[in-house]
Amino acid sequence: MIKIAISGKGGVGKTTLAGTLSRLLARKGYDVLAIDADPSMNLASALGIRNPPKPLTEFRELIDERAGGPAGVFRLNPKVDDIVEKFGVIGPDNVKLLVLGTVERGGSGCMCPASSFLKALLRHVILKMNSVVILDMEAGVEHLGRGTTKGIDIMLIVVEPGARSIETAGRIVELAQQIDIRRFGAIINKAGKQVKEIEDRLNDLGIEVAGVIPYDASLVQADMDNTSPVDKGGAAIEAMEKILEKLQIRKE
Ligand SMILES: Nc1ncnc2c1ncn2[C@@H]1O[C@H](COP(=O)(O)OP(=O)(O)OP(=O)(O)O)[C@@H](O)[C@H]1O
Ligand SMILES: [Mg+2]
C-alpha cells in the first residue's frame, strides 16, 4: 500500500490532481482510496462523484468515542478498520472516497479530534493488495503543524507559475521533513513558458520536479461543469499519466 499526499498553496490545482490521479490509478487496476482532508471539501466533484459521503466530522459521537476519551484525551489507537466501509462512497472507476470534514462551529477552532482520527486512519486502515491512498490536503502548511500527513510515503507539492507557490513549496518541505516525510516531488501545474525558471528555483530549494502539467482550459471547463476532467483527456491528463509512470508505483 502506498500513501500519497497532495499539498501546495491555495488554488494551484491540488484537488484536480488528486481526483485525476485517483481515477487514473483505479483504471490501472489499483484499489484507490481518496481522502478529502481539505475543510472546503471539493474532491468529490473532481472525482466525478455526485453524492459525496457525509463528512466524518459530522459523526461527532463516532470521533469522540473512537478518538477522544471521556476527559478529552485523545486515544492513540482509535479503531478505524471499518471506517471506509461505513462512511465512504464508491465512485466512478471504483474509487472510494472519504471526506474528513471541518469544524462545525466558528470559533470552536480545534481540528484536533478530526486530525487525530485521520492520522489513525492512515496508520491502521487496512486495504486490499495494490492499494493506493490519495490525500487532498488543505492549502498551505497548517496541516503539517497538526501532523495529519505523518506516515505518508510521497508528498506531491503542486506549484504554479509565480514566486508565492514556490515559497509555499519550500515551507512545506521544511515542515514535512520535521514529521519524517522523506519523499517529495514538485508538480509544476498550469505550466507555460516559465517551466525552466520554476524548475531551477525548486532545485535551489532542494525540491525535485516530479512532473509538469500544461495549462489546459479543459480542466477549467470540467471545474465549471462540476465533473471530473479525466474522461475528456487532453494535454493535462496525458501529463498526469506520465507523472504516474515516473512515480513507479509497484504492483504485486
Ligand atoms: N493544468 C491546469 N490548467 C488550467 N486550469 C487548471 C489546471 N489545473 C487546475 N486548474 C484549475 O484551477 C482551479 C483550481 O484548481 P483546484 O481546485 O484543483 O486547486 P486547489 O489547489 O485544490 O485549490 P484549493 O486550494 O482551493 O483547494 C480550477 O478551476 C481548476 O480547474
Ligand atoms: Mg482543493
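Residues numbered from 1 in each chain as written. Chains lettered and ligands numbered in written order. Predicted model: local features only at pLDDT ≥ 70, side-chain atom pairs only at ≥ 80, totals over all residues.

A. Here's a closer look at the overall build of the protein chain. Of regular secondary structure, the protein chain possesses ten helices and eight strands. Split into buried and exposed, the 252 residues of the protein chain put 44% on the buried side. Considering only contacts within the protein chain whose residues lie at least 6 apart along the sequence, 77% involve residues at least 24 apart. (Helix = DSSP H or I, 4+ residues; strand = E, 2+ residues; numbered from the N terminus. Buried ≥ 20, exposed ≤ 12 C-beta atoms within 10 Å, placed from the backbone. Contact = placed C-beta atoms within 7 Å.)

B. Highlighting helix H1 (residues 14-27). Between its first and last C-alpha, H1 extends 20 Å over 14 residues, near the 20 Å set by a 1.5 Å rise per residue. Of all 14 residues that make up H1, twelve are buried, and the element is covered over most of its length. Residues of H1 that are buried include every one of Lys-14, Thr-15, Thr-16, Leu-17, Ala-18, Gly-19, Thr-20, Leu-21, Ser-22, Arg-23, Leu-25 and Ala-26, and no others. Backbone geometry just downstream of H1 places Gly-29 in the positive-phi region, at approximately 100°. (Expected span 1.5 Å × (residues − 1).)

C. Molecular detail of the pairing of strand S4 (residues 96-99). Alternating positions in S4 separate into two faces, Lys-96 and Leu-98 on one and Leu-97 and Val-99 on the other, with burial throughout. Pairing analysis gives four bridges linking strand S2 (residues 31-36) to S4, with the strands arranged parallel. Counterpart to Ala-34 in the pairing with S4 is Leu-97. Looking at chain direction, strand S3 (residues 89-90) and S4 are connected through two bridges and run antiparallel. Residue pairing across strands places Val-89 opposite Leu-97, the latter belonging to S4. Following S3, the chain reverses through five residues before pairing antiparallel with S4; Asp-93 in that reversal takes a positive phi of roughly 60°. (Pairing = 2+ DSSP bridges.)

D. Local environment of the site of ligand 1. Contacts to ligand 1 come from 20 residues, most closely from Gly-13, Lys-14, Thr-15, Thr-16 and Asp-223. Those elements giving two or more residues to the shell around ligand 1 turn out to be H1, strand S7 (183-191) and helix H9 (217-224). Looking at the shell around ligand 1, its residues break down into seven nonpolar, eight polar and five charged. (Near = placed C-beta within 6 Å. Nonpolar A, V, L, I, M, F, W, Y, C, P; charged D, E, K, R; others polar.)

E. Focus on the sheet that holds strand S5 (residues 131-136). Read from one edge to the other, the open sheet built from eight strands follows the order S3-S4-S2-S5-S1-S6-S7-S8, with strand pairing classed as mixed. Strands at the two margins of the open sheet, each flanked by one partner only, are S3 and strand S8 (209-214). Where strand S1 (residues 2-8) and strand S6 (residues 154-159) come together, five bridges link them in parallel fashion. For Ile-4, the partnering residue across the bridge sits in S6 and is Ile-154. On top of the sheet, helix H7 (residues 163-178) reaches S1, S6 and S7; it is set at about 165° to S6, its chief contact. Its contacts with the sheet put helix H10 (residues 235-247) on S6, S7 and S8, and the angle it makes with S8 is roughly 170°. (Axes fitted to C-alpha atoms, helices over the stretch in contact; angles between N-to-C directions.)

F. View of the packing of H1 against H10. Contact pair H1 / H10: the axes reach a minimum separation of 10 Å and the direction vectors enclose 65°. Here H1 lies roughly perpendicular to H10, going by the angle between them. The handedness of the crossing between H1 and H10 is right-handed. For the pair H1 and H10, contact is made by Leu-17, Thr-20, Leu-21, Leu-24 and Leu-25 and by Ile-237, Met-240, Glu-241 and Leu-244, respectively. Per-class residue counts for the contact of H1 with H10 are seven nonpolar, one polar and one charged. (Parallel < 35°, antiparallel > 145°, perpendicular 65-115°, else oblique. Left-handed = near helix turned anticlockwise from the far one by under 90°.)

G. Structural view of the nonpolar core. One finds Ile-6, Ala-34, Ile-134, Leu-135 and Ile-157 to be the most contacted residues of the largest nonpolar core, which totals 68 residues. At six residues, the largest contribution of residues to this core is made by helix H5 (residues 112-124). Apart from the residues lying within four places of it in its own chain, the contact partners of Ala-34 are Ala-18, Ser-22, Leu-43, Leu-47, Val-95, Lys-96, Leu-97 and Ile-134. (Core = buried A, V, L, I, M, F, W, Y, C linked by C-beta atoms within 7 Å.)

H. Structural detail: the environment of Asp-223. With respect to the secondary-structure elements, Asp-223 resides in helix H9. On the neighbour-count criterion, Asp-223 (17 C-beta atoms within 10 Å) is partly exposed. Counting along the chain gives 207 residues from Asp-223 to Thr-16, while the straight-line C-alpha distance between them is 8.5 Å.

I. How the structure looks around the environment of Ile-243. Examined against the element boundaries, Ile-243 turns out to sit in helix H10. Apart from the residues within four sequence positions on either side, Ile-243 is in contact with Ile-187, Ala-210 and Gly-211.

J. Highlighting unusual backbone geometry. Within the chain, Asn-94 stands out as a residue other than glycine whose phi angle is a positive 65°. Assignment of secondary structure puts Asn-94 in the loop between S3 and S4. Residue class for Asn-94 comes out partly exposed when judged on the 13 C-beta atoms lying within 10 Å of it.

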